Every structure is written in structure tokens, then in C-alpha cells.
Amino acid sequence: MNPEISLILTIVGAVVALSVLLYLLPVNLWFTAQLSNVRISLLNLVLMRLRKVSPALVTNAMIISTKAGLRITTNEIETHHLAGGNVNRVIKALISADKANIPLDFKLATAIDLAGRDVFDAVQLSVNPQVINTPPVAAVAKDGIQLIAKARVTVRANINQLVGGAGEETILARVGEGIVTTIGSATNHKEVLENPDKISKTVLSKGLDSGTAFEILSIDIADIDIGENVGAKLQTDQAEADLKVANARAEERRAMAVASEQEMRAKAQEAKAKVIEAEAQIPLAIAEAFRGGNLGVMDYYKMQNIQADTDMRSSISNPKSNDKK
């Protein structure tokens, strides 16, 4: 083999071996850690490579936490990183909490981070409270007047309740419930308009932040508007409903009266039909009496005279009926 080619291959091999060695032995990180008074052995950095943990991430986190006066071990940082946590955000949160005198240890910070919450934002929210504006809340006083209130809720994060604590939606729901209860218990709407701070005091005294990730600092009523006269509207609707019921019952009685009248007319027609049928039997009975010798000619004429006299008297007593005929 050509000596020049052998020399080139040797140099390339040496460079590759040196690169692999420097990758496995992060001397630069180890030296930087020593200068920052962070005790991390070179073997530990090599084992981090083998465990697929970034030595730079752990070393930088240790340097920052040590300079801030925090006591954190490399094993704690590696464990949190392997669990899928955000090491940098946790370290920043711990430093911010320490400077603000907020009690927060590494275990709680990592638990908050692994729960899906931003622990650094939570610390910032503890230092700088947040104002939450409630949507318009409508409630009705005892005099039937509707009031629409808007409130501003000042909250800060409750570090100890961030894991498993309810969120902002629960705070808004509880505040809205408190506003509705306070307005609904007022004798009249003027009482609420004159003392809107009564709503704040009543709602704030209920301990609405229990079991939530926030601590309520204050509740301020921003605006109260007068809505509809719900009581009068309900009375009007009830009156209309009662009127419809009364009309329905009257119509039912009218229909029953009409049906009864039709039934009586039908019975009258039936009675007239029976009378006509009975009158049709009279000539037959007279003929039978003639044949049996029970009725004479003079008797028959006498009966005819009586019938004629009866008809004449009826026509005299009912002249209108006679005109119709």
C-alpha cells in the first residue's frame, strides 16, 4: 500500500477515535462544572451518555441551581428528565420561588411540571396576581327585577393545590353562583344597587377557592345593570295561561250544551214519529170496530163532530199556526 495513503488513513482513524473519545468523555463540561464548584465526576458524565441523558442539560442545570444556592442532586435532575419533565422550567421556577420567599421544593415543582402545568408560570402568578373578568351574571331579586352583574376576581396561584386542584373555570362558576345567591336573597333590587359591595363581601366569605389551584384575593363588582321585570312577565304569562284554560272550559261547556240540545231534538222527533204511527192505527181500529159491530154509524159521526169541534178550537187558540197552514 502506498505510504501516503496509509498515513492518511491513520490520521483519519485517529481523528475519529479522538472524536468518539471526546463524545464519551465530555471533558469541557467536566472542566466547566469544576470551575463552577459543581462536583460531577467524569465517569458520571460518561454514564449519562450511556443512559441517553444529555450531560450538558444536567451540568448546566446543576451550575445554575448551585449559583442560586439551591441544593439539587444530579440524580434528581436525571430522574425528572427521564420522566419527560422540563428541567429548565423547574430550575427557573425554583429560583424565582426562592427569591420571592415562596415555599417550593424540588419534589413539588417536579410534580407540578409532570402534571402538565407550567410551574414557572405558576410561580409568576403567585408573585403577580391575575385578574379574571367574569361573564355577565343574571339574577332576580325577590321583587321580580332582574339584575345583570359583572365582577373582577383577583387571584394568585396556590402552589400546594396546583396538583389536582380545580382551574379557572371552577372559580368563575363558583363566583357566578355566589352572585346569583346574593341577589336572589335581596328583598328588592334597590338594596343591591345601593350596596354592591354586599355582593363582594358575601361571595368572598364563602371560601370559593377551596379545592382549587388559586387563592382568591378580592372580588370587585365592576358593573350592575337592570334587566327585565321578570316577576311582571311571569304574572302576565300566568294570566294568559289562565285565560286560555277558562276559554277552553267555556268552549267545552258550550259544546256539551249543543250536544244536549241536539239530543233533546232527536228525542222529540222520535216521540212525534211514535204519535204519527199510533194515529195511523186509528182508521184500522175503527174499521175493525165496524166489522165487529162495536161501533155504529151514529157513533162514528158523533166522533167526527167531536174531532171537528176540537180542530176548530185549536185553530182559534193558535191563529199563527192557522196562518202557516
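Refer to the structure printed above.
Described below are features of the structure shown in this document.

Cut-off values and rules
- Residues numbered from 1 in each chain as written.
- Predicted model: local features only at pLDDT ≥ 70, side-chain atom pairs only at ≥ 80, totals over all residues.
- Heavy atoms only, no water.
- Axes fitted to C-alpha atoms, helices over the stretch in contact; angles between N-to-C directions.
- Helix = DSSP H or I, 4+ residues; strand = E, 2+ residues; numbered from the N terminus.
- Parallel < 35°, antiparallel > 145°, perpendicular 65-115°, else oblique.
- Left-handed = near helix turned anticlockwise from the far one by under 90°.
- Contact = heavy atoms within 4.5 Å.
- Pairing = 2+ DSSP bridges.

Observations concerning the packing of helix 6 (residues 87–99) against helix 8 (residues 119–127)
Move 1: In contact at an axis separation of 8 Å, helix 6 and helix 8 are set at 20° when each is read in the N-to-C sense. When the interaxial angle is binned, helix 6 and helix 8 end up roughly parallel. Judged by the sense of rotation from one axis to the other, the crossing of helix 6 with helix 8 is left-handed. Taken together, the residues of helix 8 that come into contact with helix 6 (itself represented by Arg89, Val90, Lys92, Ala93, Ser96 and Ala97) are Val119, Phe120, Asp121, Val123 and Gln124.

Things to note about the pairing of strand 3 (residues 145–157)
Move 1: For strand 1 (residues 130–133) and strand 3, the ladder comprises four bridges, and the chain directions are antiparallel. Within strand 3, the residue paired with asparagine 133 across the bridge is arginine 152.
Move 2: Pairing geometry for strand 2 (residues 137–140) and strand 3, over four bridges, is antiparallel. Paired with valine 140 across the two strands is glutamine 146, which belongs to strand 3.
Move 3: If you look at the hairpin formed by strand 2 and strand 3, you'll find four residues sitting between the two strands, and glycine 144 has a positive phi there, around 90°.
Move 4: Strand direction decides the pairing type here: strand 3 and strand 4 (residues 214–229), joined by 12 bridges, are antiparallel. When the sheet's bridge partners are listed, isoleucine 145 is paired in strand 4 with asparagine 229.

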